[in-house]
Amino acid sequence: MVLAGVSLLPGFTVIGIVLGGIYALAAIGLVLIYRVSGVLNFAHGAVAMFSTFVAYQVSVKSGAPGWIGLIAAIAVGIGIGFVIERFTMRPLTGKPALTKVVITIGWLLVLQTAAGLIWGANAYHRPVKLVSKAGFRLIGTSVVVGYDQLTTVIVAVVLALGTAAVLRYTTLGASMRAVADDPESARLWGISVNRVTAASWMVGSAMAAIAGVLITPLINFDTFSLTVVVIDAFTAALIGRLTSLPYAVVGAALLGLAQTYPRAFFSTSGVSEAVTFALLLIALAVLFRPGARKLRIA
Amino acid sequence: MIGEARTVRWTAVGVGVALGVVIPAFLSDFLRSLAADAAIAGLIVLSLVVLTGLVGQISFCQYSFAAIGAFTVGSLVAGHHWDFWLALLVGVCFAASVGVLVAIPALRLSGLFLAILTIGVALFFDRFLLAPGTWDSFSGGTSSWRAGRPSFFGIGLKGEYAFYLFVFGALVLACLLVWNLRTGKTGRVLRAVRESEVAASTVGLNLTAWKLTAFGISAALAGLAGGLAAVRVGSVSAGSYGLLQSLLIAAIATVVGVGAIASAAAGGIFLVFIPEIIHHTPLSTQWFPLITGAALIFQLVYAPEGAVVDAETRIMRRFRRSTPEVPGEDSEVTERVLVRSS
């Protein structure tokens, strides 16, 4: 049993890293929104879920190529992000952060129920195909890496680096960092806080959409399982103290591996969730203890 | 004037209780069973009134506490042939202790992170603890526990009206208990903790103990609701105690307002009877969470104090116009809670 488990580990490492890449994407979107607007977006997973089901509708049910589905998902993600920010966050500028957080719970319920009404409560297993599932053998080992898995990791890494670069080197990125640090001062410098906040919600939601579409080959997805990806994203983001993108990516990789390895040894389906919960508790207890050191976004 | 306000309040409570007893007497058994469900849901809303309204902590895992009550009753009564009342007592105590356990990490976390923690707890219950294969002697594995209705001092609770009265009595007693908490010493202490933790600790209050107590009481109320739900439905399965139910009840509690004890009744009625009304419209009952979510968003953007609190304030103000608002009274509670925990 244990030996059989150990022999699975190399293959599971690949799966874990792919899963980690997807969590990283979701976590980056979450951190971006949190840092710029101060809102912990509990609807992040629901946005990912809804966009993913649009991609499913477009490319699996209607037969369009996968990339069109992905584009549709990103468009829907951006749209939802815009609506949430423009109509339910902006009117509450200056109100307590907790009110806005509870509003995202409302959005979670709305999106979750709407998707259930449209697509039903079934579990789906036909993924949105973006890249061929064929793969290559990793040199010197027996581990086969699928091109789709490789693409997922590359997309995650490129988008993570891209976001970091945008934050560091562009005007929009500088404005975002300024708003994240101090909205009042940013306003004094002539930055349109509303526009920057809206941009962060739209970009963050687009990342959620991409993460959702990429995760479809890995799980039997239904409206609920995709919605609760938000807690995985939170765990990864908490490891980066909800601030640092690089640490969030590291946290996501750690989480992906920690969720995958136990499956080699235990047949109980819930073990990954137990591991996630343990990591979440540790992150909250250690990194958010009173007086913990502050990190920078990028 | 204040005396007059108090008379009005107690008259309203008396009329409410009387209506709660009398109206279901004229209803069909089906509606009576829904009324019992509403009273049980009211207990869970009440548990949020204690936690959020009194101490300013938020929780998205009340149904996980309810699950502890329900599964304790289910496994002990169905699996070990215990007496229902003993099983219920054990269930409530078990739920209270888990509540205290959840409160330990919560002691150091502010509102936002408490939200993440409690969602984590709800998912942990949902997908690990109550999932088949983890702890089957508690969760019942893939099958669900079956538990029959007990009798109450020799009175059988098999009839829907008798059972409803019993559950309604439990809700009224629990409300009185919370009312007592709020107006007595405990209430003053909890309010002090909610308003300013620093100030409360400088006058020598033990914050840790009080917060743990509040979580314990809240979880005990939810556990009681779960234990009652177990015999109301007659079977216990994990599907009814998920994260989405917890989010939904938190949304409803926010919509009706967590500042007033009357919200418990309003919230319970909302949760059970609105889907029933939707059922008679062209929409399916599946629309209910969507409508609740939309109501939550709309209300927080446009009427942030909560519907019931709003109404109560308006009524009480009519009788109390000449006296200034008592700080920490119902009216401003939600707003204050939200401000304080941010």
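What you are looking at is a predicted structure, and each value in this text was computed from that prediction instead of being measured.

A word on the interface of chain A and chain B. When the parts come together, some accessible area is lost, and that loss is often what is quoted as the size of the interface. The interface is formed by 38 residues belonging to chain A together with 40 residues belonging to chain B. The element best represented in the side of chain A that touches chain B is helix α4 (residues 97-119) of chain A, accounting for 17 residues. Classifying every residue of the side of chain A that touches chain B gives 27 nonpolar, nine polar and two charged.

To continue, consider unusual backbone geometry. Backbone geometry follows two general trends: most residues other than glycine have a negative phi, and most peptide bonds adopt the trans configuration. One non-glycine residue with positive phi stands out, namely Leu-242 of chain A, at about 60°. Positive phi, close to 55°, is recorded for His-81 of chain B, a residue that is not glycine. Within the secondary structure, His-81 of chain B sits in the loop between α3 (62-80) and α4 (84-106). The class of His-81 of chain B is exposed, set by 8 C-beta atoms lying within 10 Å.

Below, the discussion takes up helix α5 (residues 147-169) of chain A. In this model, α5 of chain A (23 residues) spans 32 Å end to end at C-alpha, consistent with the 33 Å of a helix rising 1.5 Å per residue. What α5 of chain A keeps buried is the set Asp-148, Gln-149, Thr-152, Ala-156, Ala-160, Thr-163 and Leu-167 of chain A.

Attention now moves to the packing of α4 of chain A against helix α13 (residues 288-302) of chain B. In contact at an axis separation of 8 Å, α4 of chain A and α13 of chain B are set at 155° when each is read in the N-to-C sense. In terms of orientation, α4 of chain A and α13 of chain B fall into the roughly antiparallel class. Considering the relative orientation of α4 of chain A and α13 of chain B, their crossing is left-handed. The residues of α13 of chain B that touch α4 of chain A, namely those facing Thr-99, Val-102, Ile-103, Gly-106, Trp-107, Leu-109, Val-110, Gln-112, Thr-113 and Ala-114 of chain A, are Pro-289, Leu-290, Thr-292, Gly-293, Ala-294, Leu-296, Ile-297 and Leu-300 of chain B. Here the contact of α4 of chain A with α13 of chain B is composed, by residue class, of twelve nonpolar, six polar and no charged.

Right, let's talk about the nonpolar core for a bit. Counting 216 residues, the largest nonpolar core has Ala-24, Ala-26, Ala-27 and Ala-248 of chain A as its most contacted members. Of the residues forming this core, the biggest block, 17 residues, is contributed by helix α2 (residues 29-55) of chain B. In this view, Ala-27 of chain A contacts Ala-233, Ala-236, Ala-237, Ala-248 and Ala-252 of chain A; residues no more than four positions away in its chain are not counted.

The rules behind these values
- Residues numbered from 1 in each chain as written.
- Chains lettered and ligands numbered in written order.
- Predicted model: local features only at pLDDT ≥ 70, side-chain atom pairs only at ≥ 80, totals over all residues.
- Contact = placed C-beta atoms within 7 Å.
- Helix = DSSP H or I, 4+ residues; strand = E, 2+ residues; numbered from the N terminus.
- Nonpolar A, V, L, I, M, F, W, Y, C, P; charged D, E, K, R; others polar.
- Buried ≥ 20, exposed ≤ 12 C-beta atoms within 10 Å, placed from the backbone.
- Expected span 1.5 Å × (residues − 1).
- Axes fitted to C-alpha atoms, helices over the stretch in contact; angles between N-to-C directions.
- Parallel < 35°, antiparallel > 145°, perpendicular 65-115°, else oblique.
- Left-handed = near helix turned anticlockwise from the far one by under 90°.
- Core = buried A, V, L, I, M, F, W, Y, C linked by C-beta atoms within 7 Å.

Geometric values such as these leave the question of function open.
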